[in-house]
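Descriptive structure summary
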Amino acid sequence: QVQLVESGGGSVQPGGSLRLSCAASGSIFSLNGMGWYRQAPGKERELVARFSRFGFTNYADSVKGRFTISRDNAKSTVYLQMNSLKPEDTAVYYCNYNSGGMDVAWGQGIQVTVSS
């Protein structure tokens, strides 16, 4: 069983920055397959950024150049650095662990609000 705990959300003005953290515990041996999704009110959950099963990074077009996913293997933690935030980035952000094409675990979700 895998547990994911997110932290670091909050409110920020447009153009600001936030860093989300996702701490993994349990039966997880690699951070490959870890990623971030988000869901805005009235919209479907969408991929933001992730590590592929081979460790490559993938980003949604809407966040390329502004968001960076990174990880600390020693801490079993994945980060999402979000810069140049826009109001349309407002959403609940979820950490996800996918293994073998299956969603093994989701975090509880954390609110990010971008507003002036």
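Details of the structure are given in the entry above.
Structural notes, computed from the coordinates. Small disclaimer: the values here were computed from a predicted structure and weren't measured. Each chain carries its own residue numbering, running from 1 in the direction its sequence is written. Local features are withheld for residues below a pLDDT of 70 in this predicted model, meaning they are given only at 70 or higher, and side-chain atom pairs are given and counted only at 80 or more; totals for whole chains, interfaces and linings count all residues. Calculation of side-chain values draws on the structure's entire complement of heavy atoms; hydrogens and water are dropped beforehand.

**Examining unusual backbone geometry**
So the rule is basically this: Segments assigned H or I by DSSP are reported as helices when at least four residues long, segments assigned E as strands when at least two residues long, and all are numbered from the N terminus. Only protein chains enter the accessibility calculation, which uses a 1.4 Å probe; a residue is then buried when its area is under 20% of its type maximum, exposed when over 50%, and partly exposed in between.
Phi at Ser76 takes a positive value of approximately 50°, unusual for a residue other than glycine. If you trace the backbone, Ser76 turns up in the loop between strand E7 (67-72) and strand E8 (77-82). Classification of Ser76 by relative accessible area gives partly exposed; the value is 25%.

**Some details on the sheet that holds strand E3 (residues 18-26)**
Our working definition: Pairing between two strands requires that DSSP report at least two bridges joining them. Here an axis means a line fitted to C-alpha atoms, over the contact stretch when the element is a helix, while the angle between two N-to-C directions is reported on a 0 to 180 degree scale.
Taken in spatial order, the four strands line up as E1-E3-E8-E7 in an open sheet, and their pairing is antiparallel. At either end of the open sheet lies a strand with only one pairing partner, and these are strand E1 (2-7) and E7. Strand after strand, the sheet turns through a mean of 20° between neighbouring axes, direction not considered.

**Here's the deal with the nonpolar core**
Here is the rule we go by: Within this scheme, the nonpolar core is defined by two criteria: the residues are buried Ala, Val, Leu, Ile, Met, Phe, Trp, Tyr or Cys, and they are joined through side-chain atoms within 4.5 Å. Contacts: residue pairs with any heavy atoms within 4.5 Å of one another.
Formed by 31 residues in total, the largest nonpolar core has its most connected members in Leu4, Met34, Trp36, Leu80, Met82 and Tyr93. Those elements that provide at least two residues to this core are E1, E3, strand E4 (34-39), strand E5 (46-51), E7, E8, strand E9 (91-99) and strand E11 (110-114). Setting aside chain neighbours within four positions, we find Met34 in contact with Leu4, Cys22, Ala24, Ile28, Arg50, Phe51, Ile69, Val78, Cys95, Asn96 and Tyr97.

**Some points on the pattern of salt bridges**
Operational definition: Salt bridges are counted wherever a side-chain nitrogen of Lys or Arg sits within 4 Å of a carboxyl oxygen of Asp or Glu.
Overall, the coordinates contain four salt bridges when judged by the stated rule. The salt bridge involving Arg66 is made with Asp89; its shortest N-O contact spans 2.7 Å. Within this pair, whereas Arg66 is found in the loop between strand E6 (57-59) and E7, its partner Asp89 is found in the loop between E8 and E9, the two being separated by 23 residues in sequence. We classify Arg66 as buried; its relative accessible area is 10%. Look at the salt bridges and you will find they share partners, linking Arg38, Glu46, Arg66 and Asp89 into a network.

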